[in-house]
Amino acid sequence: MVKIGVMGGTFDPIHYGHLVAAEMARSEFNLSKVLFIPTGIPPHKDRLDISAGKSRLEMVERAIKDNPAFECSAMEIERQGPSYTVETLRLLSKIWPEHELYFITGTDALREIFSWREAEEILTMIQFIGAARPGFDAKDFLQSVRQDHPEIVDKIHYLEVPALAISSTDIRMRVKQQKPIRYLLPEAVRLFIEQKNLYR
């Protein structure tokens, strides 16, 4: 069965943590490709200053253009209303009915999975890869999943990613404070942020 990675997120901006997590997941789980899907209107975010979807989409496209195993989709940005993962996964399941989908996300987001809209359906549709920075202890979360939802414990996988110490929040703050962000994200993305005067 062909395996496809799905990486959703605000990507405001995308950085090397996202890219390293996607590449490590691709290698570790033998994924044929990883599809990046920038969120349209994120239902779980309180931020009101999220960059325009078009800008976030372009940053992702610039960041992944040199990796033939990476693709980008505008499906959530083009869809009206809040971006619910379950709707995206239903659509992807129709596009690739014979493929196995692996949703790549941070372990912090994975902890909130049971609060997502129609979480029970999501957990029957897809495998999850929880990416975490070194030293993060996922044992408590995995133990609680085993106790409360033993039927899905085999669908949740853990992946340690060194570059996840980088965060979009920190990059936005550094730009605002006029501190350097070079080498935290692809140069093409840094130049786009500079050209569009984002986060200032």
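My aim in this report is to walk through the structure given alongside it, one point at a time. Keep in mind it's a predicted model, so treat the numbers as computed, not measured.

Thresholds applied
- Residues numbered from 1 in each chain as written.
- Predicted model: local features only at pLDDT ≥ 70, side-chain atom pairs only at ≥ 80, totals over all residues.
- Heavy atoms only, no water.
- Salt bridge = Lys/Arg side-chain N within 4 Å of Asp/Glu carboxyl O.
- Helix = DSSP H or I, 4+ residues; strand = E, 2+ residues; numbered from the N terminus.
- Buried < 20%, exposed > 50% of the residue type's maximum accessible area, 1.4 Å probe, protein only.
- Contact = heavy atoms within 4.5 Å.
- Pairing = 2+ DSSP bridges.
- Axes fitted to C-alpha atoms, helices over the stretch in contact; angles between N-to-C directions.
- Arc of directions from axis to C-beta.
- Core = buried A, V, L, I, M, F, W, Y, C linked by side-chain atoms within 4.5 Å.
- Parallel < 35°, antiparallel > 145°, perpendicular 65-115°, else oblique.

## Focus: the pattern of salt bridges
Side chains that differ in charge, positive against negative, can pair when their charged atoms come close.
Argument step 1. All chains considered together, the criterion is met by nine salt bridges.
Argument step 2. Between glutamate 118 and arginine 90 there is a salt bridge, with the nearest N and O atoms lying 2.5 Å from each other. Of this pair, glutamate 118 sits in the loop between α5 (107-111) and α6 (119-125) while arginine 90 sits in helix α4 (residues 85-95), placing them 28 residues apart in sequence.
Argument step 3. The closest approach of N and O atoms between arginine 182 and glutamate 187, which form a salt bridge, is 3.2 Å.
Argument step 4. Residue glutamate 187 is classed as partly exposed on the basis of its relative accessible area, which comes to 31%.

## Structural notes on the side chain of lysine 33
Argument step 1. The residue lysine 33 is located in strand β2 (residues 33-38) in this model.
Argument step 2. By relative accessible area, which is 16% here, lysine 33 ends up buried.
Argument step 3. Residues within four places of lysine 33 in sequence aside, it is in contact with Lys3, Ile4, Gly5, Ala69, Glu71 and Trp96.

## Some details on the sheet that holds strand β5 (residues 127-132)
Argument step 1. Pairing within the open sheet is parallel, and its six strands lie in the order β3-β2-β1-β4-β5-β6. Pairing within the sheet leaves two strands with one partner each, and these edge strands are β3 (70-72) and β6 (156-160). Sheet twist, expressed as the average angle between the axes of neighbouring strands with direction ignored, equals 25 degrees.
Argument step 2. By the bridge criterion, five bridges tie strand β4 (residues 100-106) to β5 in an arrangement that is parallel.

## Structural notes on helix α8 (residues 168-176)
Argument step 1. Buried within α8 are the following residues: Ser168, Ile171, Arg172 and Val175. What you see down the axis of α8 is that its buried residues fit within an arc of 100 degrees, all on one side.
Argument step 2. Looking at the packing, one finds that the buried side of α8 touches α1 (16-28) and α9 (187-196).
Argument step 3. In the segment just after α8, glutamine 178 is the residue with positive phi, at about 60 degrees.

## Digging into the nonpolar core
For soluble globular proteins, nonpolar side chains are generally found buried alongside one another.
Argument step 1. Formed by 33 residues in total, the largest nonpolar core has its most connected members in Met7, Ile14, Val34, Phe36, Met59 and Ile193.
Argument step 2. Core analysis: the next-biggest nonpolar cluster, separate from the first, contains 23 residues, Val6, Leu92, Trp96 and Ile156 among them.

## Here's the deal with the packing of helix α2 (residues 53-64) against α9
Argument step 1. The contact between α2 and α9 brings their axes to 8 Å, and the two run at 150 degrees. Relative to α9, the element α2 is oriented roughly antiparallel. Of α9, the residues touching α2 (which contributes Ser55, Glu58, Met59, Arg62 and Ala63) are Ala188, Val189, Phe192, Ile193 and Gln195.

## Here we look at unusual backbone geometry
Argument step 1. With an omega of 5 degrees, the peptide bond running from aspartate 12 to proline 13 counts as cis.
Argument step 2. Looking at the secondary structure, you find proline 13 in the loop between β1 (3-9) and α1.
Argument step 3. Positive phi, close to 75 degrees, is recorded for tyrosine 183, a residue that is not glycine.
Argument step 4. Following the sequence through the fold, tyrosine 183 ends up in the loop between α8 and α9.
Argument step 5. For tyrosine 183, a relative accessible area of 69% puts it in the exposed group.
Argument step 6. The phi angle at asparagine 197 is positive, at roughly 55 degrees, despite the residue not being glycine.
Argument step 7. Mapped onto the elements, asparagine 197 comes out in the segment after α9.

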